[in-house]
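Now for the letters of each chain:
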Amino acid sequence: MSHIHTESSEVLLSAQGLSVRFGGVLAVNDVSFDVRRGEVFTLIGPNGAGKTTVFNLISRIYTPTSGHIDYLGPHGMVRLTDQPPHRIAGLGIARTFQNIELFEHASVLQNLLIGRHTHRRTGLWQDMLFTARTRRAEIEAREKVEQVIDFLDLQHHRDSMVAGLPYGVRKVVELARALCTEPRLLLLDEPSSGLNVEETEDMAFWISDIKNDLGITVLMVEHDMSLVSKVSDRVLAMSMGAELAMGTPAQVQGDAKVIEAYLGTVDDVSSLRRSTPLEARP
Amino acid sequence: MRFIFKTDYDQDIRLAKHGGHVFWYSLLGLALLAAPWLMSEYALAQLTFVLIYAIVGLGLMLLAGFTGLFSLGHAAFLGVGAYTEAVLANAGWPFPVSIAIAGLLSAAVGMVVGLPALRVKGIYLGMATLAFGFIVEEGLARWESVTGGNAGLSVAPPAIGGWVIDGTVGFYFLCLVLCVAATLAIVNLLRAPTGRAFVAIRDSEISAQSMGIHLARYKTLSFALSAALAGIGGALYAHKIQFLSPDQFSIIQSIDLLLLVVIGGLGSVHGAFLGAIFLIVMPQLIAAAKDYLPESVGQSTGLQGTVYGLVLIAFVLFEPMGLYGRWLKVRTWFQLFPFYRKGMFKRQKSFQKSDRLK
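Note that the structure is a prediction, hence the values are computed from the model and not measured.

1. Examining the overall build of chain B
A count of helices and strands for chain B gives 17 helices and 4 strands. By the compact-globule yardstick of 21 Å for 358 residues, chain B fits well, its C-alpha radius of gyration being 21 Å. Expressed as lengths along the three principal axes of its C-alpha atoms, the size of chain B is roughly 60 × 50 × 50 Å. When burial is assessed residue by residue, chain B has 41% of its 358 residues classed as buried.

2. Structural notes on the overall build of chain A
Helix and strand counts for chain A come out as 10 helices and 10 strands. The globule rule puts the C-alpha radius of gyration for 282 residues at 19 Å, and the 21 Å found for chain A is close to it. Across its three principal axes, chain A shows a C-alpha extent of roughly 75 × 40 × 40 Å. Here chain A holds 282 residues, and 44% of them are scored as buried. Within chain A, residue pairs in contact and separated by at least 24 positions form 67% of the contacts whose partners lie at least 6 positions apart.

3. Remarks on the domain arrangement of chain B
Residues and elements named next belong to chain B. Taken domain by domain, chain B comprises domain 1 (38-304) and domain 2 (321-358). Distance from the C-alpha centre of domain 1 to the C-alpha centre of domain 2: 31 Å. At the level of elements, helix 12 (251-264) and helix 13 (269-290) are the ones that each hand at least two residues to the side of domain 1 that touches domain 2. Broken down by element, the residue count for the side of domain 1 that touches domain 2 peaks at 5 residues, all from helix 13. Tallied by class, the residues present in the side of domain 1 that touches domain 2 amount to 5 nonpolar, 6 polar and no charged.

4. Considering helix 2 (residues 19-38) of chain B
The end-to-end C-alpha separation of helix 2 of chain B is 27 Å, in line with the 28 Å expected for 20 residues at 1.5 Å each. Burial within helix 2 of chain B is sparse, with just 0 of its 20 residues counted as buried.

5. A word on the sheet that holds strand 8 (residues 217-221) of chain A
Residue and element names in this part refer to chain A. Pairing is mixed across the open sheet formed by 6 strands, whose spatial order is 6-7-8-3-9-10. Looking at strand neighbours, the two that pair on one side only are strand 6 (93-95) and strand 10 (242-247), the edges of this open sheet. On average, adjacent strands in this sheet sit at an angle of 20 degrees to one another, irrespective of strand direction. Of the strand pairs in this sheet, strand 6 and strand 7 (residues 185-189) are connected by 3 bridges, and their pairing is parallel. What sits directly across from Arg95, in strand 7, is Leu187. Of the strands in this sheet, strand 3 (40-44), strand 7 and strand 8 touch helix 6 (residues 197-212), which is tilted by about 150 degrees from strand 8.

6. Some details on the sheet that holds strand 2 (residues 25-36) of chain A
Sheet strands pair via backbone hydrogen bonds, and the direction of the pair is either parallel or antiparallel. Residues and elements named next belong to chain A. With respect to topology, 4 strands assemble into an open sheet ordered 2-1-4-5, the strand pairing being antiparallel. Both edges of this open sheet fall to strand 2 and strand 5 (76-79), since each of them pairs with a single strand only. Taken over all neighbouring pairs, the strand axes of this sheet differ in orientation by 20 degrees on average, direction set aside.

7. A look at the packing of helix 3 (residues 41-66) of chain B against helix 11 (residues 215-241) of chain B
All names here are of chain B. Contact pair helix 3 / helix 11: the axes reach a minimum separation of 7 Å and the direction vectors enclose 165 degrees. The angle between the axes of helix 3 and helix 11 places the two elements in the roughly antiparallel class. Every pair of crossing elements has a handedness; the one defined by helix 3 and helix 11 is left-handed. Contacts from Thr48, Phe49, Ile52, Ile55, Val56, Leu58, Gly59, Leu60, Leu62 and Leu63 in helix 3 reach Ser222, Phe223, Leu225, Ser226, Ala227, Leu229, Ala230, Ile232, Gly233, Leu236, Tyr237 and Lys240 in helix 11. Class assignment for the residues of the contact of helix 3 with helix 11 results in 16 nonpolar, 5 polar and 1 charged.

8. Comments concerning the nonpolar core
Nonpolar side chains tend to gather and get buried jointly when the protein is soluble and globular. Of all hydrophobic cores here, the largest spans 168 residues; its most connected members are Ala176 of chain A together with Ile55 and Leu58 of chain B. Once residues lying within four places of it in the same chain are set aside, the contact partners of Leu58 of chain B are Ala182, Thr183, Ile186, Leu229, Val269 and Ala272 of chain B.

9. Concerning the interface of chain A and chain B
The extent of an interface is frequently quoted as the accessible surface area lost upon association of the parts. With 36 residues of chain A at the interface, the matching set in chain B holds 29 residues. Of all elements in the fold, only helix 2 (108-114), helix 3 (124-129) and helix 4 (132-151) of chain A reach the threshold of two or more residues within the side of chain A that touches chain B. It is helix 4 of chain A that contributes the most residues to the side of chain A that touches chain B, 5 residues altogether. Residue classes in the side of chain A that touches chain B are distributed as 16 nonpolar, 12 polar and 8 charged.

10. Some details on the confidence of the model for chain B
Where the model shows low pLDDT, its predicted coordinates should not be examined in detail. Residues and elements named next belong to chain B. Summary statistics for chain B give a mean pLDDT of 90 and a share of 96% for residues scoring 70 or more. Taken as a whole, residues 347-358 scores under 50 in pLDDT and shows 5 contacts with residues more than four places along the chain or in a different chain. Predicted complex metrics record ipTM = 0.88 and pTM = 0.90.

11. Brief notes about the domain arrangement of chain A
Residues and elements named next belong to chain A. Looking at chain A, the domain boundaries give domain 1 (8-92 + 184-195 + 212-282) and domain 2 (101-182). Taken residue by residue, the interface counts 6 residues in domain 1 and 7 residues in domain 2. Residues belonging to the side of domain 1 that touches domain 2 are distributed by class as follows: 4 nonpolar, 2 polar and no charged.

12. Notes on the confidence of the model for chain A
The predicted model of chain A has a mean per-residue pLDDT of 89, with 91% of residues at 70 or higher. Below a pLDDT of 50 lies the segment residues 1-6 of chain A, which in the model reaches 7 contacts outside its immediate sequence neighbourhood of four places, other chains included.

13. Details of the environment of Gln299 of chain B
Residue and element names in this part refer to chain B. By secondary structure assignment, the location of Gln299 is in the loop between helix 14 (295-298) and helix 15 (303-318). The exposure class of Gln299 is exposed, given the 10 C-beta atoms found within 10 Å. In the structure, Gln299 is positioned 12 residues away from Ala287 in sequence and 10.0 Å away in space, judged by C-alpha atoms.

Thresholds, definitions, all that
- Residues numbered from 1 in each chain as written.
- Chains lettered and ligands numbered in written order.
- Predicted model: local features only at pLDDT ≥ 70, side-chain atom pairs only at ≥ 80, totals over all residues.
- Helix = DSSP H or I, 4+ residues; strand = E, 2+ residues; numbered from the N terminus.
- Rg over C-alpha atoms; globule rule 2.2 N^0.38 Å.
- Buried ≥ 20, exposed ≤ 12 C-beta atoms within 10 Å, placed from the backbone.
- Contact = placed C-beta atoms within 7 Å.
- Domains from an automatic or database assignment.
- Nonpolar A, V, L, I, M, F, W, Y, C, P; charged D, E, K, R; others polar.
- Expected span 1.5 Å × (residues − 1).
- Pairing = 2+ DSSP bridges.
- Axes fitted to C-alpha atoms, helices over the stretch in contact; angles between N-to-C directions.
- Parallel < 35°, antiparallel > 145°, perpendicular 65-115°, else oblique.
- Left-handed = near helix turned anticlockwise from the far one by under 90°.
- Core = buried A, V, L, I, M, F, W, Y, C linked by C-beta atoms within 7 Å.
- pLDDT = per-residue confidence, 0-100.

See the structure below:
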């Protein structure tokens, strides 16, 4: 799939020299990368590599200690790191969360309608009086939401409460809610975690459909390497908050430093064979 | 059982979803309109109190039940509204203007009190609002030149120009109109983007923010709307009770209001009404039961508090969704008769449990 992709040089999101320090921990250390329009860009790395932190920097939950992020919004280039967090969705960046953050005590439909929040055109008083304009806007929002429901086959769950849904469905609902914002850039934090093999395959199809049919750029964090190599155009491997390698999935998987980060070096392995207690090792 | 065939998105937006709604709510409306001729004057006065508490309850429901922000000092907003109305009515202002000012002033105070809500959550917000409640109660007692202090303040009946509403029936209809208007406003908000934003904040702030919801703006808005309804309710309360003193707006009143929304059922508009009925009917029931209880129990001062406490504990343990949750179960039982299963409402609970074990 990734081979059909035509190389486009337009940069949608550009991170330059990002660093975040939490007290004594350098969670992200001088990371730079560009996400091009129309590609699936994946961050991989062992646990604690700083992948989700990078996501939280883009969605402005954290502020970088140094470095900045530029983003090509609907009205030209903006410095993302200067924007308040609630402005991010309006710029066309939607995200999902690693541990599903849905609105538990609302129906699937309501969850998806909340995804339309940035497109609201009515104010408090119009809502309170439920004017003709509010009614029209509601029906338009519903039509958009129904398109997403069709796209992700969520018809059966439309009126279910999220609190009663199985994990796999919640994962799809979260993806649907992100799509309802009509994003230009979609951030997926571990889309396949907790899914079984079939559900992961569905997810792979949807991600490539999102890229090819909807034309949405995807930036994702993922551990499942089969999913990564199926859908990604480019991969950035991180470890201990720093960049390790960047390239196509195959290049990154073959990179010596990446293998070392995941599996350790030959020295590490041979050191395990020694009979000396662990504490005695340097 | 009723199956609704949907052919239009408007069917999901409409207030009355099917013929049953139209029928029962029309019947309720007719009963409320006919109430003055069907009820004794005493019962009508109690019904008026139910309507007033329902307005206040709707406000607190919006804040606690739909935005997830708990206020332990809501009686303060009630007090601000009541005293504003009393002072303006005594100065001869027309009722529509004075009640609007009472609501607006309350809303303004609510916005100020909402400011800590932008920083603190849960129990800490409870403490901040609790402290605010004490400050207002103390302020009402000390600002004697305006409020009359602990000596109290009598309230003139509502008047528009030369037309004075001083009868029980006239005032009942005034409360009914305002209560219906408040209910429609809240129900409309909840089916529109504003209400959904509140629900989003209640369920996941981080996710609401990433959907583009301005947390500070909507939390402040929720506080303001909630306080405005409490202020309007307070203004009606002032006219109904005709004599104000600061101790009517103490922490006991705040806790009563919190009881109202919790026992009514957090997160349901019906709950505000069921809770208001509970709050008005319960003391009457306790008073009636006193005659049948042994004297040592019936005449002891803490009886009402004890009963309230036991009822609250029972609800938290057995029916966390409150009276409205109980009603949903009863309704389902009738709809499905004879196929109702005991575990029907268990499912979400068992999922959460398995989720926690992981």
